[in-house]
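Spelled out, the chains give:
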Amino acid sequence: DAEITQSPRHKITETGRQVTLACHQTWNHNNMFWYRQDLGHGLRLIHYSYGVQDTNKGEVSDGYSVSRSNTEDLPLTLESAASSQTSVYFCASSGGSLLREQYFGPGTRLTVT
Amino acid sequence: SQQGEEDPQALSIQEGENATMNCSYKTSINNLQWYRQNSGRGLVHLILIRSNEREKHSGRLRVTLDTSKKSSSLLITASRAADTASYFCATDEGAQKLVFGQGTRLTINP
């Protein structure tokens, strides 16, 4: 069965370190998204991609970067982790239009100390 | 920007009762979607309703859309303990991406 996976599921890192969160989907979807979820803010879009070599900034992109070198993967990099980036991160993908239903991964809980 | 706003923020009902959640939004939309999130899990898509549709059903779920009032409701009939979760609406804000609300936490008491 097709799926979307994230790794690691939990990560603790120190302020200033570079961190990369992995996202891999086997749906063969063109569109992939990264969100963060925080109490009081709901789900906020960080970056998204329409396809290979395409990336776009979302609502809260400062301090984050992504690259799309193939259809299956969209890794999220925190260039220099900050305590404000402690959150739960979700990757999602969708096929066809960007407005189609999205399929979410299980999430990565990141703690920056 | 926050497009969809769910109401109420939290809802607690007895098993077997119906649960109704509402979503309001600000700008014109192409479609509106509802998602469920169980504790510690990712979101799961429930239903998508297009702007030219007024009502849609899926099993025990019924979604209505009133574009004149810029609002939608999700009704879960004959609730079960397994329906305990957070429910989110998402709208496209007229742009090519979805914006999620903060969700309604639904608790079904046995």
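Here the structure is a predicted model, which means the values were calculated and not measured.

Thresholds applied
Residues numbered from 1 in each chain as written. Chains lettered and ligands numbered in written order. Predicted model: local features only at pLDDT ≥ 70, side-chain atom pairs only at ≥ 80, totals over all residues. Heavy atoms only, no water. Pairing = 2+ DSSP bridges. Helix = DSSP H or I, 4+ residues; strand = E, 2+ residues; numbered from the N terminus. Axes fitted to C-alpha atoms, helices over the stretch in contact; angles between N-to-C directions. Contact = heavy atoms within 4.5 Å. Buried area = accessible area lost by both parts, 1.4 Å probe. Salt bridge = Lys/Arg side-chain N within 4 Å of Asp/Glu carboxyl O. Polar contact = N/O pair within 3.5 Å; in protein donor to acceptor, adjacent residues only side chain to side chain.

Side note on the sheet that holds strand β8 (residues 76–78) of chain A
Residues and elements named next belong to chain A. Overall, antiparallel pairing links the 4 strands, which are arranged β1-β3-β8-β7 in an open sheet. Pairing within the sheet leaves two strands with one partner each, and these edge strands are β1 (4–7) and β7 (64–66). Taking the axes of each pair of neighbouring strands and ignoring which way they run, one obtains an average angle of 20° across the sheet. The pairing of β1 with strand β3 (residues 19–25) spans 4 bridges and is antiparallel. Across the sheet, the residue bridging to I4 is Q25, located in β3.

Regarding the interface of chain A and chain B
Taken together, the 21 residues of chain A in the interface contact 22 residues of chain B. Buried area between chain A and chain B, both sides added, is near 1,600 Å², and the carbon and sulfur share of it is 55%. When the area that chain A buries against chain B is broken down by residue, the three leading residues are L43, L99 and F104 of chain A, summing to 35%. The interface formed by chain A and chain B holds 0 salt bridges in total. At the surface where chain A touches chain B, the tally comes to 2 residue pairs in polar contact (both at pLDDT 80 or more). Counting only elements with at least two residues in the side of chain A that touches chain B, the list comes to β4 (31–38) and β5 (42–49) of chain A. Sort the elements by how many residues they give to the side of chain A that touches chain B and β5 of chain A lands first, with 4 residues.

Any functional reading would require information beyond the geometric quantities listed.
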